[in-house]
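Now for the letters of each chain:
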Amino acid sequence: MLTPDPIQQGKTYILTGAGISAESGIDTFRSAGGLWQRYALADVCTPEAFAHSPQTVWKFHSLLKAASDNAAPNAGHVAIASWFAQCASTRQRTVLVTQNIDTLHERSLAAAGISGESCTAMHGRISVSCCSSCNKRWNDPYLYFDSNCGTSTEMCRNLWFEHDLDSLPELKVSSGDSLPVSPCCGTLLRPDVVWFGEEPHHLSHCFREISGTDVFIAIGTSGTVAPASDFAKWVRRLNKNARCVFVNPDADCRPEHYCEFLRGKASDVVPVLLGNV
Ligand code: OAD
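Below is a short write-up of the structure. Nothing here was measured: the structure is a model prediction, and the numbers come from that model. Per chain, residues are indexed from 1 in the order of the written sequence. Per-residue local features are limited, in this predicted model, to residues with pLDDT of at least 70; the limit for side-chain atom pairs, both in listing and counting, is 80 or more; totals at the level of whole chains, interfaces and linings are taken over all residues. To get the side-chain values, all heavy atoms of the structure are used, and hydrogens and water are removed first.

### Quick word on the sheet that holds strand 9 (residues 213-219)
Okay, step 1: Two strands qualify as a pair provided DSSP detects at least 2 bridges between them. Numbered from the N terminus, helices here are DSSP runs of H or I no shorter than four residues, and strands are runs of E no shorter than two. Taken in spatial order, the six strands of this open sheet run 3-2-1-9-10-11, and their pairing is parallel. The open sheet is flanked by strand 3 (119-121) and strand 11 (260-263), the only strands paired with a single partner. Each strand axis lies, on average, 20 degrees off the axis of its neighbour in the sheet, ignoring direction.
Okay, step 2: Summarising the sheet, strand 1 (residues 11-16) and strand 2 (residues 94-98) pair through five bridges and their orientation is parallel. Every axis in this analysis is a line fitted to C-alpha atoms, fitted for helices over the stretch in contact. Angles between the N-to-C directions lie between 0 and 180 degrees.

What follows is the structure in structure tokens.
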């Protein structure tokens with residue numbers, strides 16, 4: 001890896017994807033052996049799949065939830081959190097948007113004394129479930145299914161939970177299929193994550209913050225899933241001099257609109273890039 005010029009001044013916008021959590025032991029989607037080689041996306045991550053077989057969808061999301069709970073932030077997450085703390089003290093503008101649902105950014109921000117809410121989770125968080133009738137969102141620590149797809153009463157211990165949400169008061173599942181039931185309406189809960197065909201969360205914030213961006217850094221994303229894949233294009237349209245940096249170990253992954261490609265793992269590159277070694 002070439003030694004990158006450290007980020008010095010101006011507004012920084014950081015976008016992350018599954019690759020930043022790879023070194024924490026969380027599977028990516030599109031790398032060799034990734035999730036979409038082992039699962040049919042249409043069976044586990046669409047509203048249609050949930051309508052057809054909520055149990056299949058909940059079993060898949062229970063695996064993601066357990067993996068997220070068992071993982072810890074790595075040097076990439078920690079460097080970003082330190083960068084946020086530093087920017088907060090110097091009033092430098094900085095934005096963090098993630099496509100990840102694992103809450104590892106939120107945990108590392110909280111450990112650095114920054115609100116976990118500073119991370120915009122555009123695909124939702126695995127720690128939150130939502131009533132399928134009234135859309136009320138609940139912090140949800142329960143796993144429901146174990147790694148063998150058997151029913152589970154285990155609770156997550158490490159996930160980050162949203163401060164302004166109520167937590168589910170108790171584990172409540174339907175008797176026939178052991179699926180979670182909402183306390184508000186008594187109907188099915190669903191994971192509060194964004195599935196294919198659904199609009200990402202906080203989209204207006206994600207686009208609004210592009211304005212005024214001087215440095216855009218995409219870390220650990222294949223750059224294939226819209227709308228995040230378009231952010232760099234809009235950064236350059238609004239500021240043709242913006243520095244757009246792409247961090248990824250895969251030399252064949254070269255999306256448009258970036259002027260700097262830093263080949264390497266997030267935990268190696270990001271601390272150097274953010275001057276945090
Ligand atoms: P992908 O799985 O598409 O891409 C992950 C990228 O991370 C790949 O380009 C890898 O080369 C790279 N990578 C692997 N290890 C890395 C490391 N140690 N450091 C840095 N990069 C590494 O994941 P996303 O781009 O996040 O959406 O995928 C976007 C969305 O597609 C996900 O949020 C999910 C998925 O389907 C939904 O489920 C709605």
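Additional details are given in the paragraphs that follow.
### Comments concerning the packing of helix 5 (residues 75-90) against helix 9 (residues 266-273)
Okay, step 1: For the pair helix 5 and helix 9, the least separation of the axes is 7 Å and the interaxial angle reads 20 degrees. By the angle class used here, helix 5 and helix 9 are roughly parallel. The chirality of how helix 5 crosses helix 9 is left-handed. When helix 5 is examined against helix 9, the residues Ala-75, Gly-76, Ala-79 and Ile-80 are found in contact with a partner set consisting of Ala-266, Ser-267, Val-270 and Pro-271.
Okay, step 2: Tallied by class, residues from the contact of helix 5 with helix 9 come to six nonpolar, two polar and no charged. If an angle is under 35 degrees, it is roughly parallel; if it is over 145, roughly antiparallel; if it lies from 65 to 115, roughly perpendicular; otherwise it is oblique. The handedness criterion is simple: a crossing whose near helix is rotated anticlockwise from the far helix by less than a right angle is left-handed, and one whose near helix is rotated clockwise is right-handed. Here, two residues are considered to be in contact whenever any of their heavy atoms come within 4.5 Å of each other. Amino acid classes used here: Ala, Val, Leu, Ile, Met, Phe, Trp, Tyr, Cys and Pro are nonpolar; Asp, Glu, Lys and Arg are charged; the rest, including Gly, are polar.

### Comments concerning the pairing of strand 6 (residues 142-145)
Okay, step 1: Here strand 6 runs beside strand 7 (residues 151-155); their pairing, made up of three bridges, is antiparallel. Following the sheet pairing, Phe-145 is matched in strand 7 by Thr-151.
Okay, step 2: Hairpin connection of strand 6 to strand 7: five residues between the antiparallel strands, including Cys-149 at a positive phi of 70 degrees.

### A closer look at the sheet that holds strand 8 (residues 189-193)
Okay, step 1: Taken in spatial order, the three strands line up as 5-4-8 in an open sheet, and their pairing is antiparallel. Unpaired on one side and paired on the other, strand 5 (137-139) and strand 8 mark the two borders of the sheet. When strand polarity is set aside, the average angle formed by the axes of neighbouring strands in this sheet is 45 degrees.
Okay, step 2: Sheet topology places strand 4 (residues 124-131) next to strand 8; four bridges connect them, and they run antiparallel. When the sheet's bridge partners are listed, Cys-131 is paired in strand 8 with Leu-189.

### With respect to the pattern of salt bridges
Okay, step 1: For this analysis, a salt bridge means a side-chain nitrogen from Lys or Arg found within 4 Å of a carboxyl oxygen belonging to Asp or Glu. Inspection of every chain in the model, using the stated rule, returns twelve salt bridges.
Okay, step 2: Put simply, Glu-209 and Lys-11 hold a salt bridge, and the shortest N to O gap is 2.7 Å. Here Glu-209 is found in the loop between helix 7 (203-208) and strand 9, whereas its partner Lys-11 is found in strand 1, with 198 residues between them in sequence.
Okay, step 3: Put simply, Arg-137 and Glu-162 hold a salt bridge, and the shortest N to O gap is 2.9 Å. Taken together, the positions of Arg-137 in strand 5 and Glu-162 in the loop between strand 7 and strand 8 put the pair 25 residues apart, joining distant regions of the chain.
Okay, step 4: Exposure remark for Arg-137: the relative accessible area of 29% places this residue in the partly exposed category.
Okay, step 5: Working definition: with a 1.4 Å probe on protein chains only, accessible area under 20% of the residue-type maximum means buried, over 50% means exposed, and in between means partly exposed. Classification of Glu-162 as buried rests on a relative accessible area of 8%.
Okay, step 6: The network of salt bridges with shared partners includes Glu-106, Glu-117, Arg-125, Arg-137, Glu-162 and Asp-192.

### Remarks on the site of the ligand
Okay, step 1: Throughout this document, a residue counts as near a molecule or strand when at least one of its heavy atoms sits within 4 Å of that molecule or strand. Taken together, the neighbourhood of the ligand is formed by 23 residues, with Phe-29, Arg-30, Thr-221, Ser-222 and Asn-248 sitting nearest.
Okay, step 2: Nitrogen and oxygen atoms within 3.5 Å of one another constitute a polar contact, given that in protein one can donate a hydrogen and the other can accept it, and given that sequence-neighbouring residues count only through two side-chain atoms. Measuring from an oxygen atom of the ligand, one finds a side-chain N or O atom of Thr-221 at 2.6 Å.
Okay, step 3: Between the ligand and Ser-222 there is a distance of 2.5 Å, counted from an oxygen atom to a side-chain nitrogen or oxygen.
Okay, step 4: Here the Shrake-Rupley method, with its probe set to 1.4 Å, supplies the accessible areas, and only the displayed protein chains count as covering residues. Expressed as a share of its isolated accessible area of 800 Å², the protein-covered part of the ligand is 92%.
Okay, step 5: Taken together, the residues that form the shell around the ligand break down as nine nonpolar, ten polar and four charged.

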